[in-house]
There are 4 protein chains.
Amino acid sequence: MTLPQPRRLPVQARARATFEAILEASARVLVERGYDAASTNRVAEVAGVSIGTLYQYFPNKEALFVALIERHFDEQVELLQRMVGSLIDAPLAEAVRAYVGALFEAHANDKAFHDAILQQVTHLGLPAITRVHMVSRQIVQVYLEAHRERLRITDTALAAFVLVSAVEGIVHTLMFAPERPELDALSDEVSLMVLRYLVGGDDAG
Amino acid sequence: MTLPQPRRLPVQARARATFEAILEASARVLVERGYDAASTNRVAEVAGVSIGTLYQYFPNKEALFVALIERHFDEQVELLQRMVGSLIDAPLAEAVRAYVGALFEAHANDKAFHDAILQQVTHLGLPAITRVHMVSRQIVQVYLEAHRERLRITDTALAAFVLVSAVEGIVHTLMFAPERPELDALSDEVSLMVLRYLVGGDDAG
Amino acid sequence: MTLPQPRRLPVQARARATFEAILEASARVLVERGYDAASTNRVAEVAGVSIGTLYQYFPNKEALFVALIERHFDEQVELLQRMVGSLIDAPLAEAVRAYVGALFEAHANDKAFHDAILQQVTHLGLPAITRVHMVSRQIVQVYLEAHRERLRITDTALAAFVLVSAVEGIVHTLMFAPERPELDALSDEVSLMVLRYLVGGDDAG
Amino acid sequence: MTLPQPRRLPVQARARATFEAILEASARVLVERGYDAASTNRVAEVAGVSIGTLYQYFPNKEALFVALIERHFDEQVELLQRMVGSLIDAPLAEAVRAYVGALFEAHANDKAFHDAILQQVTHLGLPAITRVHMVSRQIVQVYLEAHRERLRITDTALAAFVLVSAVEGIVHTLMFAPERPELDALSDEVSLMVLRYLVGGDDAG
DNA sequence: AATGAATGAGGGTTCATTCAT
DNA sequence: TATGAATGAACCCTCATTCAT
């Protein structure tokens, strides 16, 4: 009955699959070789696709990896946004711990991939990274606003900037540190710092 | 009788000058083109030196830029170490403000150069960056130890890690943020966070 | 009973339109990009047709442009042939002027297109160009034969060769000359040369 | 005694030889393959030189062939200029015959090379070709001026334009004509046309 | 200590062409 | 008739590096 549609769908499905295969291969090759040595020919080979096909989807090497990075951080943003709902009504200490823990975890997964991005293609990823930053700050700020009367801060936007930057800085440092502190202790200490900053120290554990 | 030395000195002086010229050129080219496009031939050209000469001083491209980055961060370390003497006896609030301010300033100078390093050759700079981190932590830890009884922290090493990472994270974010907070306010807020973390918030302004 | 034809005709009409669209697009792309950069993919795009369709009408890129050029020169030949009737009985001076003028005009139109052909795909156009030459010579020779007794030439074929080549050479030079003589004066001078050559100069103006 | 100079000369001599080898190879490959198929890699191979070396002398493929063509036509110009001295005082008929003959000959030599240039890279050669044209016209005009009182032309610049374009047009046509007239007869006829044009026909043979 | 001509692997990219739909 | 995803040979060109001078 409704035959015509399927007839065209396979074509699009194939294209979609090809596109995905190329992106996946890009990630693999980026991790295994680094950006410079990650040749488009190698990516195409790993993707099981001809080099010409790759260039039908991406105008050049940079665009390929930009797409990869953008998608990666878009996923991060989605994750963050899904987290916000469950945290908004949680007690302060719990929320802080959850947030800090989530960031630690997020970076622990795909460490190799993250490394590659942050070490070698920061410039390609900047817009996406910036996006994540801004979303994070918005989320944190919304939380701060909601709990304002219980906090000893005045400018929630500024506080959000400080908090997100500080915590991400710690996570970032952690990734590249040769000798790293014990994770749980660190996580606790970071949470402590955040809490003291927000409530003035006495109420914090 | 003391002829040999002069005879040799000009030679070494010339060599030294050549070496410097190459390093300087590297920095210029790195900023103007980025790492990938910064060819050794171009560096030699800018340095006013033949490509052969460049390779007499550096075994390969990477070594050239590693040397550049190492020197840069070594200077940073020296700066930090010179700072420590004048801070060790300063009151807490003052010391914190001085430290935070110094970091903000350091990164503000040579922003383009810093950008290039952090965006494109993080992997080459990692050892040097790590060194700066460790020295920073040591300095901070020494300070914390010296003021231990007045602070509400237990593990000074851990606290040093948290503080340095956090503050540097903020500075780092600042460098790439499209819309950045007003600098003085931010500096104050960061100092506030540090102080509250260290003394428990009530005593901090 | 005459259903089949209509049923088929639209189809052929569409095919014809497609064919035309491709040829037109070829000309456009040839002018805008030059032969080498004129990719078949681009031609198809400009024609509003898929690349597969293009290859249903032309076996390869060369054939496409050969067809374009052939058609162009075929039109030129037709034009020449239509001219001959009205000139055969005209007085010498008038015929010469008409002929020279016609050539000047023909090349003035579609100058960009002509340029492209003559500068970049002479090799593809050679057969067609040669055809135009030969037809031109036949036409001229017929005229010379008809007026033989009034002319001071012996070998009309040779004279036709000389005349056609010379006049076309002038027009050709004109197309690429950076600083070109005033057209009317040139046209007169060329006519003068032709007339003197044919009748000996004294009778010519 | 004067040793230093030779020590450096070999270096330059080598470079010079390399340059020449590449240009020669370009000509060979152009004739054997045509412009499009004349890959820079092939040229380097024929020159017995690495591809990198080729690109040390020429920024790109086009520049390579432009250099080749420019040099070729520069030689033509020199040839023409050397011819002018011996012709300025010669009798009209003789001068015309010498000039026409010289052009016929010039194009007969290196026909294959000329073909390649005129059929495939006219656009690269245009500036050079134009230069030859202009020099030719100047030479002819100088001659016409010198013999002005004996000639029945008014505007020598215009006449020079007409003559040079016409004769070169004929030679050009000749090169690509499938069935060409007997050369001596043609040469005579062309000379006849020129003479009749210049002196009015009666005095010409 | 310095030169710079020469190398050549390897890169990114294009584009004419095919063929399953 | 028409589509357009896929192909892959082949191209131009760069650049880190060497080495004879």
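All residue numbers here refer to positions counted from 1 along the written sequence of the relevant chain. Labels are handed out in written order, letters beginning with A for the chains and numbers beginning with 1 for the ligands. Local features are withheld for residues below a pLDDT of 70 in this predicted model, meaning they are given only at 70 or higher, and side-chain atom pairs are given and counted only at 80 or more; totals for whole chains, interfaces and linings count all residues. Here the side-chain values reflect all heavy atoms present in the structure, with hydrogen atoms and water set aside.

Enquirer: Hey, could you run me through the side chain of serine 191 of chain B in this one?
Expert: Where helices and strands are cited, they refer to DSSP runs of H or I of at least four residues and of E of at least two residues respectively, numbered from the N terminus. Its place among the elements puts serine 191 of chain B in helix α9 (residues 183-199). Note on contacts: a residue pair qualifies if any of its non-hydrogen atoms lie within 4.5 Å across the two residues. Setting aside residues up to four positions removed in sequence, serine 191 of chain B forms contacts with Val96, Arg97 and Val100 of chain B.

Enquirer: When you look at the protein's contact with DNA strand E in this model, what are you seeing that I'm missing?
Expert: Here a residue counts as near a molecule or strand whenever at least one of its heavy atoms sits within 4 Å of it. Around DNA strand E, 38 residues are found, and the nearest of them are Tyr55 of chain A, Thr53 of chain B, Thr40 of chain C together with Thr18 and Tyr57 of chain D. Near the protein, meaning within 4 Å, the atoms of DNA strand E are sugar or phosphate in a fraction of 60%, with bases accounting for the rest. Counted as a polar contact is a pair of N or O atoms within 3.5 Å, where, for protein atoms, one must be capable of donating a hydrogen and the other of accepting one, and residues adjacent in sequence contribute only when both atoms are in side chains. Within the side chain of asparagine 41 of chain A, one N or O atom sits 3.4 Å away from a base nitrogen of DNA strand E. With respect to DNA strand E, the backbone of glycine 52 of chain D contributes an N or O atom lying 3.2 Å from a base nitrogen. If you list the elements that add at least two residues to the surface near DNA strand E, you get α2 (40-47) and α3 (51-57) of chain A, α1 (4-33) and α3 (51-57) of chain B, α2 (40-47) and α3 (51-57) of chain C together with α1 (4-33) and α3 (51-57) of chain D.

Enquirer: Got a minute to help me understand the interface of chain D and chain C in this structure?
Expert: A common way to report how large an interface is uses the accessible area buried once the components associate. Contacts between chain D and chain C engage 39 residues on the former and 40 residues on the latter. In this description, buried area is defined as the sum, over both parts, of the accessible area (probe of 1.4 Å) that is lost when the two are combined. With both sides pooled, the region where chain D packs onto chain C buries about 3,600 Å², and carbon together with sulfur makes up 63% of that total. Salt bridges are identified by distance alone: a Lys or Arg side-chain nitrogen within 4 Å of an Asp or Glu carboxyl oxygen. At the junction of chain D with chain C, the criterion picks out zero salt bridges. Elements supplying a minimum of two residues to the side of chain D that touches chain C: α6 (111-120), α7 (122-146), α8 (156-176) and α9 (183-199) of chain D. The element contributing the most residues to the side of chain D that touches chain C is α8 of chain D, with ten residues. Among the residues forming the side of chain D that touches chain C, the class breakdown is 21 nonpolar, eleven polar and seven charged. Lys, Arg, Asp and Glu make up the charged group, whereas Ala, Val, Leu, Ile, Met, Phe, Trp, Tyr, Cys and Pro make up the nonpolar group; the residues left over, Gly among them, are polar.

Enquirer: Is there a simple way to think about the nonpolar core in this case?
Expert: Soluble, globular proteins show a tendency: their nonpolar side chains are buried together. Take the buried Ala, Val, Leu, Ile, Met, Phe, Trp, Tyr and Cys residues and link them wherever side-chain atoms come within 4.5 Å; each set so joined is a nonpolar core. Here the term buried applies to any residue with accessible area under 20% of the maximum for its type, exposed to any over 50%, and partly exposed to those in between, with areas from a 1.4 Å probe on protein chains only. Judged by nonpolar contacts, the single largest core of 142 residues is most densely connected at Leu144 and Leu198 of chain A together with Leu198 of chain B. Setting aside residues no more than four positions away along its own chain, leucine 198 of chain A makes contact with Leu92, Leu144, Leu151, Arg152, Ile153 and Leu163 of chain A. Judged by nonpolar contacts, the second largest core, of 141 residues, contains Val164 of chain C together with Ile22, Leu64 and Leu195 of chain D.

Enquirer: Help me out: how do you make sense of the packing of helix α6 (residues 111-120) of chain A against helix α8 (residues 156-176) of chain A in this one?
Expert: The packing of two helices is summarised by the inter-axis angle and the distance between the axes. Residue and element names in this part refer to chain A. Lines fitted to the C-alpha atoms define the axes, with helices restricted to the stretch that makes contact. Angles between their N-to-C directions range from 0 to 180 degrees. For the pair α6 and α8, the least separation of the axes is 11 Å and the interaxial angle reads 105°. Judged on the interaxial angle alone, α8 and α6 are roughly perpendicular. Contact with α6, carried on its side by Lys111, His114, Asp115, Leu118 and Gln119, involves His172, Met175 and Phe176 of α8 and no other residues of that element. Should an angle lie under 35 degrees it is considered roughly parallel, over 145 roughly antiparallel, and from 65 to 115 roughly perpendicular; all remaining angles are considered oblique.

Enquirer: Got a minute to help me understand the environment of glutamate 45 of chain A in this structure?
Expert: Residues and elements named next belong to chain A. Summarising the element assignment, glutamate 45 is placed in helix α2. Here glutamate 45 falls in the exposed class, since its relative accessible area comes to 55%. Separated by 20 residues in sequence, glutamate 45 and alanine 25 have C-alpha atoms that sit 8.5 Å apart.

Enquirer: Would you take a moment to explain the interface of chain A and chain B for this structure?
Expert: If you look at the interface, chain A gives 39 residues, while chain B gives 38 residues. Both sides together, the interface formed by chain A and chain B hides about 3,600 Å², and carbon and sulfur atoms give 62% of it. At the boundary of chain A and chain B, one finds zero salt bridges. Inspection of the chain A/chain B interface yields six residue pairs in polar contact (both at pLDDT 80 or more). Among the elements of the structure, α6, α7 (122-146), α8 and α9 (183-199) of chain A are those that each provide at least two residues to the side of chain A that touches chain B. Residue composition of the side of chain A that touches chain B, grouped by class: 21 nonpolar, eleven polar and seven charged.

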